[in-house]
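Commentary on secondary and tertiary structure
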Amino acid sequence: MRVVIFCDMEGISCIETWDQVNAGTALYEECRKLYTDEMNAAVRGARAAGATEVVVVDCHGAGGAYSFKSFLPSQLEAGAEYVFGYPWARYIEAFEKGCDAVLFVGAHAMAGTPDGVLCHTVSTEEWHNAWINDTLVGESGILAAIAGCWDVPAIFASGDEATCREVKALLGEEIVTAQVKQGLGRYTARNLAPQDACSLIEMRVAQALSQRANWPKPYKVAGPVTFRVELATPERASSFIGREGVRIEGPRMVSATADTFWEAWDHFWYRH
């Protein structure tokens, strides 16, 4: 069984402020261990459930030299491979080669979620909202839609209560979740102790992978697929001018349409 684990930092237990997830602060260095520990727990759960190949992707843009490189290398769990430094939501090699399931660790809620700890969608400064066709999505939805282009289901997510609610609403009640904290606002939460969070994640990952008959269906969006983003400010739209397949729909709205979500996403990010 081949498994991919996408990891982010905002959904980790005991993390509630930007200083804890942005490189260059003492709090960030302290929280890298919390991040690594929860990811390691997911790897152990996957291995216990029979995963023979586990690929972990660091999806946290911490800034500077640490973007997508926030795990502590000396403490990585054995029995997995780790992808560092790869642009967010662009790693698809494992899907192309064949993959059974994708898991989300440390996920956070979409922008505008009142009880979503550090909630945002892709960029706190540049984006407000994103839609796949008419469905409002956060980062978990975007990643699930990418995996779905290769018929890979998202079967597990850990994070705060709002994130667990969000993924179940989008992907179905079958997705197994591990709630490691409850948002009391955007910058405050009631948290599990880190050791308890890790134990819960390890157990729930093993449970999710062991119940293949109950996995949710891949999140496949029938084409044509339109990915639309509401930008934070009008000047943000200028960076999309001239990109093949991208339309400027209004002062703060841009979109791309293609046969599959991956093609729309590809247009959205790259000039051709």
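Conventions we followed
Residue numbers run consecutively from 1 along every chain, following the written order of its sequence. Whole-chain, interface and lining totals are the exception, using all residues; otherwise, since this is a predicted model, local features are given only for residues with pLDDT of at least 70 and side-chain atom pairs are given and counted only at 80 or more. To get the side-chain values, all heavy atoms of the structure are used, and hydrogens and water are removed first. A run of DSSP states H or I qualifies as a helix once it reaches four residues; a run of E qualifies as a strand once it reaches two. Both are numbered from the N-terminal end. With C-alpha atoms as the basis for the radius of gyration, the globule rule is written as 2.2 Å multiplied by the number of residues raised to the power 0.38. When accessible area is computed with a 1.4 Å probe and restricted to protein chains, residues below 20% of their type maximum are described as buried, those above 50% as exposed, and intermediate ones as partly exposed. What is meant by a nonpolar core is a set of buried Ala, Val, Leu, Ile, Met, Phe, Trp, Tyr and Cys residues, joined one to another through side-chain atoms within 4.5 Å. Only heavy atoms enter the contact rule, under which two residues are in contact if any of them lie within 4.5 Å. Just to be clear on terms, a salt bridge is a Lys or Arg side-chain nitrogen sitting within 4 Å of an Asp or Glu carboxyl oxygen. Centre distance within 6.5 Å is the pairing criterion for rings of Phe, Tyr and Trp, where only the six-membered ring of Trp is used; planes under 30 degrees apart are then read as stacked, over 60 as edge-to-face, and the remainder as tilted. In this analysis a 1.4 Å probe is tested at points of a 1 Å grid over the protein atoms alone, and where it fits but cannot get out there is a cavity; an open set with protein on both sides within 12 Å along at least five of seven lines is a pocket; lining residues have an atom within 4 Å of a point. Grid points are joined across faces, edges and corners, and a volume is the space filled by probe spheres set on the points. Residues are grouped as follows: Ala, Val, Leu, Ile, Met, Phe, Trp, Tyr, Cys and Pro are nonpolar; Asp, Glu, Lys and Arg are charged; all remaining types, including Gly, are polar.

Looking at an unreviewed UniProt entry, the protein carries the name Peptidase M55, with the source organism given as Dictyobacter halimunensis.

**Here we look at the overall build of the protein**
Summing up its helical and strand segments, the protein has 6 helices and 12 strands in all. In terms of overall size, the protein behaves like a compact globule, its C-alpha atoms giving a radius of gyration of 18 Å where 272 residues would be expected to give roughly 19 Å. Taking the principal axes of its C-alpha atoms as reference, the protein extends roughly 50 × 40 × 30 Å. Out of the 272 residues belonging to the protein, those deemed buried represent 54%.

**Some details on the nonpolar core**
Phe227 and Trp265 are the most contacted members of the largest nonpolar core, which has 49 residues in total. Residue contributions to this core peak at 6 residues, all from helix 3 (residues 139–148). Those residues in contact with Phe227 that lie beyond four places of it in its chain are Trp127, Ala130, Trp131, Ile132, Ile142, Val254, Ser255, Ala256, Phe261, Ala264, Trp265 and Phe268. Grouped together as the second largest cluster of nonpolar side chains are 42 residues, Ile12, Val21, Tyr28 and Ile155 included.

**As for the pattern of salt bridges**
Here the structure, examined in full by the defined rule, presents 15 salt bridges. Ionic pairing is found between Arg236 and Glu126, a salt bridge with its closest N-O pair at 3.9 Å. On the criterion of sequence distance, the pair formed by Arg236 in the loop between strand 10 (225–231) and strand 11 (246–250) and Glu126 in the loop between strand 4 (101–107) and strand 5 (127–132) is long-range, its members being 110 residues apart. With relative accessibility at 27%, the residue Arg236 sits in the partly exposed group. Here Lys168 ties to Glu173 by a salt bridge, and the two come within 3.9 Å at their closest N and O atoms. Judged by its relative accessible area of 61%, Glu173 is exposed. Ionic contacts of the salt-bridge type, sharing partners, join the residues Arg44, Glu77 and Glu202 into one network.

**Digging into unusual backbone geometry**
Here the bond from Gly223 into Pro224 is cis, since omega is -5°, no more than 30 degrees from zero. Of note, Pro224 is situated in the loop between helix 5 (194–210) and strand 10. Unusually for a residue other than glycine, Cys14 sits at a positive phi of about 75°. By secondary structure assignment, the location of Cys14 is in the loop between strand 1 (2–7) and helix 1 (26–48). Of note in this structure, Leu118 is not a glycine but carries a positive phi near 55°. By the secondary structure assignment, Leu118 is in the loop between strand 4 and strand 5.

**Observations concerning the packing of aromatic side chains**
To describe a pair of aromatic rings, you give the distance between the ring centres and the angle between the ring planes. Tallied over the full model, the rule gives 15 aromatic pairs. Measuring from centroid to centroid gives 5.6 Å for Tyr28 and Tyr66, while their planes differ by 70°, and the two rings are edge-to-face. One end of the pair, Tyr28, is in helix 1; the other, Tyr66, is in the loop between strand 2 (53–58) and strand 3 (81–83), and 38 residues separate them in sequence. Classification of Tyr28 as buried rests on a relative accessible area of 0%. Seen in terms of ring centroids, Trp150 and Trp262 are 5.8 Å apart; in terms of plane orientation they differ by 65°. Their pairing is edge-to-face. Here the residue Trp150 occupies a position in the loop between helix 3 and strand 7 (154–160), and Trp262 occupies one in helix 6 (residues 261–269), the gap between them amounting to 112 residues. The exposure class of Trp262 is buried, given its relative accessible area of 14%.

**Details of the layout of surface pockets**
Empty space among the atoms becomes visible once a probe the size of a water molecule is rolled across them. Roughly 500 Å³ of internal volume is contained in the largest pocket. Taken together, 20 residues line the largest pocket, and the ones lying closest to its centre are Gly61, Phe68, His120, Val122 and Ser123. For the lining of the largest pocket, the per-class residue count stands at 9 nonpolar, 6 polar and 5 charged.

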